[in-house]
Amino acid sequence: MKKVITYGTFDLLHAGHINLLRRAKELGDYLIVVISTDEFNWNEKQKKCYFSYEERKHLVEAVRYVDLVIPEENWDQKITDVQEFKVDTFVMGDDWEGKFDFLKDYCEVVYLPRTEGISTTKIKKDLGIKTESK
Ligand code: C2G
């Protein structure tokens, strides 16, 4: 069984996220999605999510391409995640191009083109929602 892993916030889940998850699943048979916790987002990404971790986990678990959702609590857990779950392929959108090449010692690393024209930031802007950050 070929295992794929990807990481993200997935707040205000949208078609760009779904496109990423679909393409990630196409690279294997089992997709693990590591969702950043509320604390990690606030402390490390200065992002305040609209939906809590539990709500974002619930939504992503409902996506047909996803087999397992686990929490992302720090930047440094990727190597242990890849080893613990015996992951074959690590996938991220290409806004992260090159940032996780250190994982090439442990698994295949694939950066996929982002879906243009959609983002959580754009949704909030279009709806006139102020983005809260530190
Ligand atoms: N994405 C995409 N197209 C978009 C928006 C997002 O392909 N229009 C992809 C991103 O490239 C990422 C995934 O969807 O691979 C999740 O996006 P975010 O929730 O914004 O993830 P991010 O906050 O970048 O967190 O340790 C890594 C971080 O947790 C990534």
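What you see is a predicted model, and the numbers here were worked out from it, not measured in a lab. (Residues numbered from 1 in each chain as written. Predicted model: local features only at pLDDT ≥ 70, side-chain atom pairs only at ≥ 80, totals over all residues. Heavy atoms only, no water.)

A word on the site of the ligand. Within the structure, the ligand sits among 20 residues, and K47, E72, D95, T115 and I118 are positioned closest to it. Interatomic distance of 2.8 Å between a backbone N/O atom of F10 and an oxygen atom of the ligand. Contact with the protein chains covers 95% of the free accessible surface of the ligand, which is 640 Å². More than half of the atoms of the ligand fall within 2 Å of the grid points belonging to the largest pocket. If you list the elements that add at least two residues to the shell around the ligand, you get β1 (3–8), α1 (15–25) and β4 (89–93). In the shell around the ligand, the residues fall into 7 nonpolar, 7 polar and 6 charged. (Near = heavy atom within 4 Å. Polar contact = N/O pair within 3.5 Å; in protein donor to acceptor, adjacent residues only side chain to side chain. Areas by Shrake-Rupley, 256 points an atom, 1.4 Å probe, with all protein chains shown as cover. 1 Å grid on protein atoms, 1.4 Å probe; cavity = no way out; pocket = protein on both sides within 12 Å on 5 of 7 lines; lining within 4 Å. Sits in = over half its atoms within 2 Å of the grid points. Helix = DSSP H or I, 4+ residues; strand = E, 2+ residues; numbered from the N terminus. Nonpolar A, V, L, I, M, F, W, Y, C, P; charged D, E, K, R; others polar.)

Turning our eyes to something else, we now look at the sheet that holds strand β3 (residues 68–72). Hydrogen bonds along the backbone pair up the strands of a sheet, which may run parallel or antiparallel. Strand order in the open sheet formed by 5 strands is β3-β2-β1-β4-β5, and the pairing between neighbours is parallel. The sheet terminates laterally at β3 and β5 (108–112), the two strands that pair on one side only. The average angle at which neighbouring strand axes cross in this sheet is 25°, direction not considered. In the sheet, strand β2 (residues 30–36) pairs with β3 via 5 bridges, with the strands oriented parallel. Within the sheet, the bridge partner assigned to V33 lies in β3 and is V69. Of the strands in this sheet, β1, β2, β4 and β5 are in contact with α1, which crosses β2 at around 145°. Here helix α3 (residues 53–61) sits on the sheet and contacts β2 and β3; the angle it forms with β2, its principal contact strand, is near 160°. (Pairing = 2+ DSSP bridges. Axes fitted to C-alpha atoms, helices over the stretch in contact; angles between N-to-C directions. Contact = heavy atoms within 4.5 Å.)

Attention now goes to the environment of W42. Looking at the secondary structure, you find W42 in helix α2 (residues 38–44). When its relative accessible area of 31% is taken as the criterion, W42 is described as partly exposed. Spatially, the C-alpha atoms of W42 and F100 are 21 Å apart, while their sequence positions differ by 58 residues. (Buried < 20%, exposed > 50% of the residue type's maximum accessible area, 1.4 Å probe, protein only.)

A separate point is α3. Think of an α-helix as turning once every 3.6 residues; residues three or four places apart then point the same way. Among the residues making up α3, those that are buried are Y53, R56, K57 and V60. Projected down its long axis, α3 shows its buried positions confined to an angular sector of 100°, all on one face. Counted as exposed and oriented over 90 degrees from the buried face of α3: E54 and H58. On the buried face of α3, the contacting elements are α1, β2, α2 and β3. (Arc of directions from axis to C-beta.)

The next thing to look at is the side chain of Q77. Examined against the element boundaries, Q77 turns out to sit in the loop between β3 and α4 (78–84). Within the structure, the side chain of Q77 is placed 3.0 Å from the backbone oxygen of P71, a separation counted as a polar contact. The contacts of Q77, once residues within four sequence positions are left out, are Y7, V34, P71 and E72.

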